[in-house]
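# Coordinate analysis (summary)
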Amino acid sequence: ATPAGYRALDDASLRDFLAGLPDLRDRLGGRPPDWSIIEVGDGNLNLVFLIDGPEGSLCVKQSLPYVRAAGESWPLPLDRAFFEQSYYRAVAPYSEGLTPRFFYYQPELYAIVMERLSPHIILRRGLIEGRRYPGAAAAVAEFAARSTFATSDFGATLEEKAELMSTFARNTSLIRITAEVVFTDPLANSPRNRWTSPALDGLAAEFRADSALKVTVAEWGRRFLTEAQALIHGDLHTGSVMVTETDTRVMDPEFAFVGPIGFDIGAFIANLVMNAIAQAGHATPGDDRKAEADWVLSQVPVFWDTFSSRFLALWDEKARGDAYPPAMFSNPGDAAVLAGARKAFVDRLFADAIGYAGVKTIRRILGFAHNADFELIADPARRAPLEAKSARLARTFLLEPHSFRTPDDIVAAVKAL
Ligand code: ADP
Ligand code: SR1
Ligand code: MG
Ligand code: MG
Ligand code: MG
């Protein structure tokens, strides 16, 4: 049952709620009737309000007791807001300027008050419009490197990591959503699945009949549930990043838990690749989108190279955890061998990212939650071939992973499609 103190906020109750919080009221300025409030949630799960006052603005995000994109027939516990604010607090020391500023959490309302990002837009939307964001991939990579290194067994003590594991292991409602809608459903006969039909009926049946593909996805699902490497964002697609041409913020971390780093890295890579493939579907006479597709694809190596070099640099500068403990490697002769072992670990993260990128792509084409990159291509006759190309590339990621040793291998494979 919905907790007694909870009510879904509306214009009047949100005004009252903020009016009772002096610091936030001061940020907005004026009096409550002077504030303008709009609900802008366009995600799959939650309510999001933007509040503008004479002196400033705020954003309030609130859990609903169901999956917004499905309606009340798909109930969902409210506690995702608790985990979202826990994540913002946990990564705050490492993410200055790379997330919205977190201001306040109201536990009975499951409501988070944070900085309203403006004039930022969702990265995915900007890319679909053919815009370029020169610093975005590197900023997301910097964020991922800092937040995962600091919460890994290399950057945190085992006690610190145990604390994170104990908090975020309870984010089971959302971990279950990922287990089901990302890993299980797309290759099973789930009534929640959908695809561009009838054009992709054959592809969907072929994928569901592919035992080798299913075993591989199941193995990545096992790793997702068992490899507690670091505190990860858990939903790091291009719709979880807001940008201007000069500023990038990672947001919407409600799926956070201590899991495999490659899951976040693979999510971001998969979403860049899907956007690049989808560009042709947004072409108009006089704007073929080829240069835009190439540019988006060029951000895959930027993203990986920044992530891997920053993760390794942090390991060099800030090793203090209980895995590869610095005390074991105090001989001058240890340095080169240790550097090689660290590089090998990061290379394994790339291999993990390829696997998760494959899984995360297939779910967007055959599963419940599709992405705007493809969905905004209105004509199914244009959309389906691009979705099919993405799905087949994803299958290659999963079944021929050794063909993808570097990000340039991904770029070459997309260009060869
Ligand atoms: P969901 O968890 O339901 O996906 P999101 O956190 O992704 O919700 O937010 C949904 C939308 O609300 C975003 O796509 C964005 O347009 C807007 N939004 C979210 N947070 C902010 C913010 N801090 N500032 C401005 N707009 C925001
Ligand atoms: C039922 S929720 C579907 C998806 O929306 C979220 O943004 C996550 O990506 C989740 O898998
Ligand atoms: Mg979202
Ligand atoms: Mg979300
Ligand atoms: Mg052009």
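Residues numbered from 1 in each chain as written. Chains lettered and ligands numbered in written order. Predicted model: local features only at pLDDT ≥ 70, side-chain atom pairs only at ≥ 80, totals over all residues. Heavy atoms only, no water.

### Description of the nonpolar core
Among the nonpolar cores identified, the biggest contains 99 residues, and Phe183, Ile265, Val273, Phe307, Phe311 and Ile410 are the most heavily contacted of them. Discounting chain neighbours no more than four positions away, the residues touching Phe183 are Thr178, Val217, Trp220, Gly221, Phe224, Phe263, Tyr356 and Val359. Counting residues in hydrophobic clusters, the runner-up holds 25 residues, among them Phe17, Leu24, Leu64 and Leu109. (Core = buried A, V, L, I, M, F, W, Y, C linked by side-chain atoms within 4.5 Å. Buried < 20%, exposed > 50% of the residue type's maximum accessible area, 1.4 Å probe, protein only. Contact = heavy atoms within 4.5 Å.)

### Digging into empty space enclosed by the protein
One way to see where empty space is left: roll a probe the size of a water molecule over the atoms. Scanning the model with the defined rule gives one cavity of 30 Å³ or more in all. Each pocket or cavity is described by its volume, and for the largest cavity that value is around 50 Å³. Forming the boundary of the largest cavity are Leu123, Leu127, Tyr133, Ala136, Ala137, Phe268, Leu272, Trp295 and Gln299. Secondary-structure elements contributing two or more residues to the lining of the largest cavity are α4 (123-128), α5 (136-150), α10 (261-278) and α11 (290-318). A class-by-class count of the residues in the lining of the largest cavity yields eight nonpolar, one polar and no charged. (1 Å grid on protein atoms, 1.4 Å probe; cavity = no way out; pocket = protein on both sides within 12 Å on 5 of 7 lines; lining within 4 Å. Points joined across faces, edges and corners; volume = space filled by probe spheres on them. Helix = DSSP H or I, 4+ residues; strand = E, 2+ residues; numbered from the N terminus. Nonpolar A, V, L, I, M, F, W, Y, C, P; charged D, E, K, R; others polar.)

### Describing the environment of Glu115
Inspection of the secondary structure puts Glu115 in the loop between β7 (111-114) and β8 (121-122). Along the chain, Glu115 and Phe103 lie 12 residues apart, while their C-alpha atoms are 7.2 Å from each other. For Glu115, the contacting residues outside a window of four places in its chain are Cys59, Thr99, Pro100, Arg101, Phe103 and Arg249. Among the polar contacts made by the side chain of Glu115, one reaches the side chain of Arg249 at a distance of 2.9 Å. (Polar contact = N/O pair within 3.5 Å; in protein donor to acceptor, adjacent residues only side chain to side chain.)

### Structural notes on the sheet that holds β7
Sheet architecture is open: five strands sit in the order β1-β2-β3-β7-β6, paired in antiparallel fashion. The open sheet has two edge strands with one neighbour each: β1 (36-39) and β6 (102-106). Sheet twist, expressed as the average angle between the axes of neighbouring strands with direction ignored, equals 20°. Alignment of β1 against strand β2 (residues 47-52), held across four bridges, turns out to be antiparallel. Residue Ile37 lies in a different strand from β2, and its bridge partner there is Ile51. Each of β3 (57-62), β6 and β7 touches helix α3 (residues 80-91); the most contacted strand, β6, lies at about 150° to it. (Pairing = 2+ DSSP bridges. Axes fitted to C-alpha atoms, helices over the stretch in contact; angles between N-to-C directions.)

### Quick look at the domain arrangement of the protein
For interface size, the figure often reported is the accessible area lost on association. When cut into domains, the protein gives domain 1 (11-114) and domain 2 (121-415). Centre-to-centre, using C-alpha coordinates, domain 1 lies 27 Å away from domain 2. Counting residues at the interface gives 28 residues for domain 1, matched by 31 residues for domain 2. Buried surface at the junction of domain 1 and domain 2, both sides included, amounts to about 2,400 Å², of which 68% is carbon and sulfur. When residues of domain 1 are sorted by the area they lose upon contact with domain 2, Phe83, Tyr87 and Leu98 head the list and together hold 31% of the total. The interface formed by domain 1 and domain 2 contains two salt bridges. (Domains from an automatic or database assignment. Buried area = accessible area lost by both parts, 1.4 Å probe. Salt bridge = Lys/Arg side-chain N within 4 Å of Asp/Glu carboxyl O.)

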